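Below, each chain spelled out in residue letters.
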Amino acid sequence: MNRRGDALHGAFATARLANVRALGRRPLTECFLGTHIDSGAEVFIKALHADMPDVGRNFLREIDILQALGGRPSFPVVRVFSSTPGIMFHACERLTAPRLDQLARDDGLELDVILGLARSLAAWLQRLHTLGYVHRDLSPDHVFAGDQITVVDFGLAKRMDGLGADDRQRCIGYDVQALGLIFWEMICGHEVFSY
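Residues numbered from 1 in each chain as written. Predicted model: local features only at pLDDT ≥ 70, side-chain atom pairs only at ≥ 80, totals over all residues. Heavy atoms only, no water.

Novice: Let's hear about the sheet that holds strand S4 (residues 78-82): which residues, and what values?
Specialist: If you walk across this open sheet you meet the five strands as S1-S2-S3-S5-S4, and the pairing is antiparallel. What marks the edges here is a single partner per strand, and that holds for strand S1 (17-25) and S4. Neighbour-to-neighbour, the strand axes of the sheet open up by a mean angle of 20°, direction not taken into account. In this sheet, strand S5 (residues 89-93) lies alongside S4 in antiparallel orientation, the contact comprising four bridges. (Pairing = 2+ DSSP bridges. Helix = DSSP H or I, 4+ residues; strand = E, 2+ residues; numbered from the N terminus. Axes fitted to C-alpha atoms, helices over the stretch in contact; angles between N-to-C directions.)

So, in structure tokens, the structure goes:
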């Protein structure tokens, strides 16, 4: 393990995270699973490994938004976080419900089930906007469909009170467009765009 990895795992231990195991690395973040010792909850840990000021600012904003929204139904619960430069992370309760991208590949999904999921996600989105936030990164792999819809990954989310009227409408439009694309994929059973 390198020096940064040692520091990160030391921060995990200080935050009382145990049994931490790597899930994968993306261009800007690393993901882990672990256990929050104090609550006993299994957690999903997202750690920033990019050293760019804008990315760090967005990651801190994500932590702030998760803290502000956490505890409400359909929003991830943050157990612990670190805002220390070089070892920024947050640990949210792990969701085990299927994601919409997994459900979209299920050929047996009935249209009424898809429409029910669409209504639930639209209601979630309306609630988010009423709370004064826009997500700006809705995708089928960010939406978990359990007893209730839960959405994750607030890395591009913003508070709307700092936006002008045109920007606010544009951001709300991005969220609504993403909602439509998600359910196009659910109905058709494949991605709109493949990468």
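Novice: Which residues make up the environment of Leu-109, and what values go with them?
Specialist: Looking at the element boundaries, Leu-109 is found in the loop between helix H3 (100-104) and helix H4 (111-130). Taking C-alpha positions, Leu-109 is 8.5 Å from Ile-187, a pair spaced 78 residues apart along the chain.

Novice: Explain a nonpolar patch on the surface residue by residue, including any values.
Specialist: Together, Leu-111, Leu-115 and Ile-187 make up an exposed nonpolar region whose accessible area comes to about 270 Å². Residue position: Leu-111 is located in helix H4. Since its relative accessible area comes to 47%, Leu-111 is described here as partly exposed. (Patch = residues over 30% accessible without salt bridge, like charges linked within 9 Å, V, L, I, M, F, W, Y side chains within 5 Å. Areas by Shrake-Rupley, 256 points an atom, 1.4 Å probe, with all protein chains shown as cover. Salt bridge = Lys/Arg side-chain N within 4 Å of Asp/Glu carboxyl O. Buried < 20%, exposed > 50% of the residue type's maximum accessible area, 1.4 Å probe, protein only.)

Novice: An account of the packing of aromatic side chains is needed here, citing residue identities and associated values.
Specialist: Taken as a whole and assessed by the stated rule, the structure comprises five aromatic pairs. For the ring pair Phe-75 and Phe-154, a centre distance of 6.4 Å and an interplane angle of 40° mean the geometry is tilted. Placement of Phe-75 in the loop between helix H2 (53-69) and S4 and of Phe-154 in the loop between strand S8 (149-151) and strand S9 (158-159) is noted, with a sequence separation of 79 residues between them. Overall, the relative accessible area of 1% leaves Phe-154 in the buried class. Above the face of the Tyr-133 ring, Arg-159 is positioned so that its terminal group lies 4.8 Å from the ring centre. (Phe/Tyr/Trp six-rings, centres within 6.5 Å; stacked < 30°, edge-to-face > 60°. Lys NZ or Arg CZ within 6 Å of the ring centre and 35° of its normal.)

Novice: I'd love a proper account of the confidence of the model for the protein chain, names of residues and values included.
Specialist: A residue-level look at the protein chain finds 96% of positions with pLDDT of 70 or above and a mean pLDDT of 91. The secondary-structure element of the protein chain with the lowest mean pLDDT is H3, recorded at 86, while strand S6 (residues 133-134) shows the highest, at 97. (pLDDT = per-residue confidence, 0-100.)

Novice: I'd love a proper account of the layout of surface pockets, names of residues and values included.
Specialist: In this approach, a probe sized like a water molecule rolls over the atoms, and the result shows the empty space that is left. Each pocket or cavity is described by its volume, and for the largest pocket that value is around 910 Å³. Looking at the largest pocket, it is lined by 37 residues, and the ones nearest its centre are Asp-137, Leu-138, Ser-139, Asp-141 and His-142. Among the elements that line the lining of the largest pocket, the one with the most residues is helix H5 (residues 165-188), at six residues. Grouping the amino acids of the lining of the largest pocket by side-chain chemistry returns 18 nonpolar, eight polar and 11 charged. Roughly 640 Å³ of volume is contained in the second largest pocket. Around the second largest pocket, the lining comprises 26 residues; the ones closest to its centre are Phe-44, Arg-99, Asp-141, Phe-144 and Val-152. It is S5 that provides the largest number of residues to the lining of the second largest pocket, a total of three residues. Here the residues of the lining of the second largest pocket are counted per class, giving 13 nonpolar, five polar and eight charged. (1 Å grid on protein atoms, 1.4 Å probe; cavity = no way out; pocket = protein on both sides within 12 Å on 5 of 7 lines; lining within 4 Å. Points joined across faces, edges and corners; volume = space filled by probe spheres on them. Nonpolar A, V, L, I, M, F, W, Y, C, P; charged D, E, K, R; others polar.)

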